[in-house]
Each structure stands twice: as C-alpha cells, then as structure tokens.
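Understanding the architecture of this molecule
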Amino acid sequence: MAENFADFIQFAIKEEQKAAELYEKYSKIASTRTTQEILKSMAAMERGHEAKLKKILEKGIDIEVSTLSKPGSIQDMKLSDYMVSPTLTENSDIQDVFIFAMKAEQSAYELYTQLASVHSNEEIKEIFNQLAAEEKKHKLDLESEYESAFMKEN
C-alpha cells in the first residue's frame, strides 16, 4: 500500500498544481472583478492542498487535522453534472474555463473520497475527507458564480 499510496499522493499533488495554475492564468483574463477574485481564491486554496499533500508525502502524518477547514455539509447544485468538459486552449472563453473547472473539482472530490475509503489510517482518512469536502465546496462556489454570470434570464 505504501508505494501505491505515495503514487496517489504524487498524482494528487500534480492535479492540485494544474488546478492552481489554471485558476491563476484565467483570473488574469476574467472579465469581472468578482470572477477574478473567485479564481484567485481558488488558486490559493489549491496551493494550500498541494502543500498539505507534500507535507503528508514528505513527513507522513505530521499534519494536524484541526488545521484543515471543516466546511460541513456541502450542497451540490449538480449544475455541471451533465455538461461536457471542454478542451481548454489559449482561446478558450471564461465560460469554458468554468465548466472545465467544475468538472475538475468534481474529479478531485471523487479522488479524495476514494483515497479516504481505501486507507486504514484514521488520521489520513480524515485528511482526505476534509480535502474532498473542500473540493466539493470549490465546485459549489464555481457553480454559483457560473449560474450568476452565465445563466441570467433575459
């Protein structure tokens, strides 16, 4: 399990890095200040996840669970559940970025939920469950902003 566990952590770190880079890039070109701020905030949270995962990988379970956010029961709008994830290019519009990001947050949630379910260490399970909850919250934040920005009635 240790080798597979380290591989999963490395994979999760890379995914967090990609997510942060995506949010940082598109926060610079978003058309509204609200969207820019949401994307910057998301990038910072993903960098925080990356740091937590690196700490687990480097030092084992030397992280206090109490330092993780506890978002509680997170609503799922399911807004993006039936959307198709676009392929992002340099010319992608912000709507495509939001759809891609919502899908990516759902995938991250599922990854952390799966990692929590297969690990026997209760402290690691709790860390993964907290990371899963944070990813679900990211999806909710993105879906709320998407609804506000792109689904307005005329």
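Attention now moves to the pattern of salt bridges. For the structure on display, the rule yields nine salt bridges. A salt bridge links Glu 24 to Arg 47; the shortest N-O distance between them is 3.0 Å. Of this pair, Glu 24 sits in helix α1 (residues 2-27) while Arg 47 sits in helix α2 (residues 33-59), and the two are 23 residues apart along the sequence. Its relative accessible area of 28% is what places Glu 24 among the partly exposed residues. Across the pair Lys 139 and Glu 143 runs a salt bridge whose closest N-O atoms are separated by 3.3 Å. One end of the pair, Lys 139, and the other, Glu 143, are both in helix α4 (residues 122-150), four residues apart, so they sit about a helical turn from each other. Like Glu 143, Lys 139 is buried.

Ranked by size, the top nonpolar core spans 17 residues in total, and within it Tyr 23, Tyr 26, Leu 39, Ile 94, Leu 142 and Tyr 146 carry the most contacts. At the level of secondary structure, the elements contributing two or more residues to this core comprise α1, α2, α3 (94-118) and α4. Examining the composition of this core, we find that six residues originate from one element, α3, more than from any other. Residues Ala 12, Ile 13, Leu 53 and Leu 131 belong to the second largest nonpolar core, which totals 16 residues.

Before going further, it helps to examine the packing of α2 against α4. At a closest axis distance of 11 Å, the pairing of α2 and α4 adopts a crossing angle of 170°. Between α2 and α4, the angle falls in the class roughly antiparallel. For the pair α2 and α4, contact is made by Thr 34, Thr 35, Ile 38, Leu 39, Met 42, Met 45, Glu 46, His 49, Lys 52, Leu 53 and Ile 56 and by Ile 127, Phe 128, Leu 131, Glu 134, Glu 135, His 138, Leu 142 and Glu 145, respectively. Along the lines of polarity and charge, the residues of the contact of α2 with α4 split into ten nonpolar, four polar and five charged.

Right, let's talk about the confidence of the model for the protein for a bit. Within the protein, residue pLDDT values average 82, and 87% of them lie at 70 or more. When the elements of the protein are averaged for pLDDT, α1 gives the smallest value, 86, and α3 the largest, 90. Confidence over residues 65-71 falls short of pLDDT 50; this stretch has 15 contacts with residues more than four positions distant or in other chains.

Turning our attention to the packing of aromatic side chains. Using the criterion set out here, one finds three aromatic pairs in the structure. Consider the rings of Phe 98 and Phe 150, whose centres lie 6.0 Å apart with planes at 65°: the pair is edge-to-face. One end of the pair, Phe 98, is in helix α3; the other, Phe 150, is in helix α4, with 52 residues separating them in the sequence. Relative accessible area serves as the criterion here: at 2%, Phe 98 is assigned to the buried category. Between Tyr 146 and Phe 150, the ring centres sit 5.0 Å apart and the planes meet at 50°, which makes this aromatic pair tilted. Separated by four residues within a single helix, Tyr 146 and Phe 150 lie in helix α4, roughly one turn from each other. The class of Phe 150 is partly exposed, set by a relative accessible area of 29%. Linked through ring pairs, Phe 98, Tyr 146 and Phe 150 together constitute an aromatic cluster.

What counts and what doesn't
- Residues numbered from 1 in each chain as written.
- Predicted model: local features only at pLDDT ≥ 70, side-chain atom pairs only at ≥ 80, totals over all residues.
- Heavy atoms only, no water.
- Salt bridge = Lys/Arg side-chain N within 4 Å of Asp/Glu carboxyl O.
- Helix = DSSP H or I, 4+ residues; strand = E, 2+ residues; numbered from the N terminus.
- Buried < 20%, exposed > 50% of the residue type's maximum accessible area, 1.4 Å probe, protein only.
- Core = buried A, V, L, I, M, F, W, Y, C linked by side-chain atoms within 4.5 Å.
- Axes fitted to C-alpha atoms, helices over the stretch in contact; angles between N-to-C directions.
- Parallel < 35°, antiparallel > 145°, perpendicular 65-115°, else oblique.
- Contact = heavy atoms within 4.5 Å.
- Nonpolar A, V, L, I, M, F, W, Y, C, P; charged D, E, K, R; others polar.
- pLDDT = per-residue confidence, 0-100.
- Phe/Tyr/Trp six-rings, centres within 6.5 Å; stacked < 30°, edge-to-face > 60°.

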